[in-house]
Amino acid sequence: MICGICLVLIAAGAAAWLLLFQPAPAAATIARPGAPAPQIALQVVGGGTSDLHAERGKVVLVNFWATWCEPCKSEMPELQQLADELRGKSFVLYSVDLQEDATQVEAFQRQYGLNLYAVLDDAGEVTRAYGVRALPATFLIDQQGVVRQQRLGPLLAGGADTTWSEAWLASQVRSLLNAGA
């Protein structure tokens, strides 16, 4: 009986040591406001490789989407308009397509009259790094490479006073551009 109690105490001590004194496994990090934006180094439609870290000094809007996503389709014209209006400014829009090929994306862009900076997340690794679980999703990154805003879901209807409307988002981008000027 004493041997049984000793074995139980030894087992309890070993379990406590394993739980209390071993380092916790590293948790996966995802993009969140106030934290550095995860790197985006993906194939660009039309050739080349993107490099989000090289965009430091610019305001970056990252939009995750796919050609089959209806809310994504409705957002694209406004995102294209914003990119066009801010051409020549310290701004870039990363249009991150999830798990489709360049041919599909090019056909989509032709159909909708888009010429966005589209990158291909073939394996979905960048999409996971940003914590995107549904499309579309939008992230606003400041000139220092820090995520300032995130929207997991479609942009909303409304004016500049409606949070996460297309007009509100454009206002947030312009505000960051003016702060860095």
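Throughout, residues of each chain are indexed from 1 in the direction in which the sequence is written. For a predicted model such as this one, the threshold for reporting local features is a pLDDT of at least 70, and the threshold for listing and counting side-chain atom pairs is 80 or more; totals across whole chains, interfaces and linings nevertheless cover every residue. Note that water and hydrogens are dropped before the side-chain values are worked out from all heavy atoms of the structure.

A.B. asks: Help me understand the pattern of salt bridges, please; the structure alone is not making it clear to me.
C.D. replies: Opposite charge on two side chains allows them to pair when their charged atoms are near. Each reported salt bridge corresponds to a side-chain nitrogen of Lys or Arg within 4 Å of a carboxyl oxygen of Asp or Glu. For the structure shown, the criterion picks out 5 salt bridges. Lys58 is the salt-bridge partner of Glu55, the closest N and O atoms lying 3.2 Å from each other. Burial status follows relative accessibility: with a 1.4 Å probe on protein chains alone, a residue under 20% of its type maximum counts as buried, one over 50% as exposed, and anything between as partly exposed. Among the residues examined, Glu55 registers a relative accessible area of 13% and is labelled buried. Note on Lys58: relative accessible area 33%, which makes it partly exposed. A salt bridge links Asp84 to Arg87, with the nearest nitrogen and oxygen atoms 2.4 Å apart. Using a relative accessible area of 37% as the deciding quantity, one classes Asp84 as partly exposed.

A.B. asks: Looking at this structure, how should I read the sheet that holds strand S1 (residues 43–44)?
C.D. replies: Backbone hydrogen bonds are what pair the strands of a sheet, in a parallel or an antiparallel way. Pairing between two strands requires that DSSP report at least two bridges joining them. Numbering of helices and strands starts at the N terminus; helices are DSSP runs of H or I of at least 4 residues and strands are runs of E of at least 2. With respect to topology, 6 strands assemble into an open sheet ordered S1-S4-S3-S2-S5-S6, the strand pairing being mixed. Edge positions in the sheet fall to S1 and strand S6 (147–152), since each of these pairs with one other strand and no more. In this sheet, strand S4 (residues 117–121) lies alongside S1 in antiparallel orientation, the contact comprising 2 bridges. Along S4, the bridge assignment pairs Gln43 with Leu120. Of the strands in this sheet, strand S2 (59–65), strand S3 (91–98) and S4 are in contact with helix H3 (residues 102–112), which crosses S4 at around 150°. We call two residues contacting when some pair of their heavy atoms lies within 4.5 Å. Axes here mean lines fitted to C-alpha atoms, for a helix over just the part in contact, with angles spanning 0 to 180 degrees between N-to-C directions. In the packing of helix H5 (residues 166–180) onto the sheet, the strands contacted are S2, S3, strand S5 (137–141) and S6, and the crossing angle to S5 comes to about 20°.

A.B. asks: Even after reading the chapter, I still don't get the pairing of S3, so can you show me in this structure?
C.D. replies: Within a regular beta strand, the side chains point alternately toward one face of the sheet and then the other, so they alternate between its two faces. With 8 of its 8 residues buried, S3 lies for the most part within the structure. Residues of S3 alternate between two faces, with Phe91, Leu93, Ser95 and Asp97 on one and Val92, Tyr94, Val96 and Leu98 on the opposite face, all of them buried. Direction of pairing for S2 relative to S3: parallel, over a ladder of 7 bridges. Paired with Leu61 across the two strands is Leu93, which belongs to S3. Here is how to tell: hold the view so the strands point away, follow the path from the first strand over the helix to the second, and if it runs clockwise the crossover is right-handed. Running through helix H2 (residues 70–85), the crossover from S2 to the neighbouring parallel element S3 is right-handed. Of the strand pairs in this sheet, S3 and S4 are connected by 5 bridges, and their pairing is parallel. Looking across to S4, one finds that Asp97 is bridged to Leu120. As a crossover connection, the stretch from S3 through H3 into S4 is right-handed.

A.B. asks: Just checking my understanding: could you explain the nonpolar core for this structure?
C.D. replies: Nonpolar side chains tend to gather and get buried jointly when the protein is soluble and globular. Core analysis: the largest hydrophobic core is formed by 52 residues, its most contacted members being Ile40, Val62, Phe64, Phe91, Tyr130 and Phe139. Of all elements in the fold, only S2, H2, S3, H3, S4, S5 and H5 reach the threshold of two or more residues within this core. In this structure Phe139 touches Ala31, Val60, Leu61, Val62, Phe64, Tyr130, Val132, Val147, Gln149, Gln150 and Leu152, once residues within four positions along its chain are discounted. Take the buried residues of types Ala, Val, Leu, Ile, Met, Phe, Trp, Tyr and Cys, join any two whose side-chain atoms come within 4.5 Å, and each joined set is a nonpolar core.

A.B. asks: What should I look at first to understand empty space enclosed by the protein in this one?
C.D. replies: A probe matching the size of a water molecule, rolled over the atoms, marks out where space remains unfilled. Cavities and pockets are defined on a 1 Å grid built over the protein atoms alone: a cavity is a set of grid points where a 1.4 Å probe fits but cannot escape, while a pocket is an open set with protein on both sides within 12 Å along at least five of seven lines, and lining residues are those with an atom within 4 Å of any such point. Grid points are joined across faces, edges and corners, and a volume is the space filled by probe spheres set on the points. Scanning the model with the defined rule gives 1 cavity of 30 Å³ or more in all. By volume, the largest cavity amounts to about 60 Å³. Every residue along the wall of the largest cavity is listed here: Ala37, Leu52, His53, Glu55, Arg56, Lys58, Val60, Ile141, Asp142 and Gly145. Under the scheme applied here, ten amino acids are nonpolar (Ala, Val, Leu, Ile, Met, Phe, Trp, Tyr, Cys and Pro), four are charged (Asp, Glu, Lys and Arg), and all others, including Gly, are polar. Among the residues making up the lining of the largest cavity, the classes are represented as 4 nonpolar, 2 polar and 4 charged.

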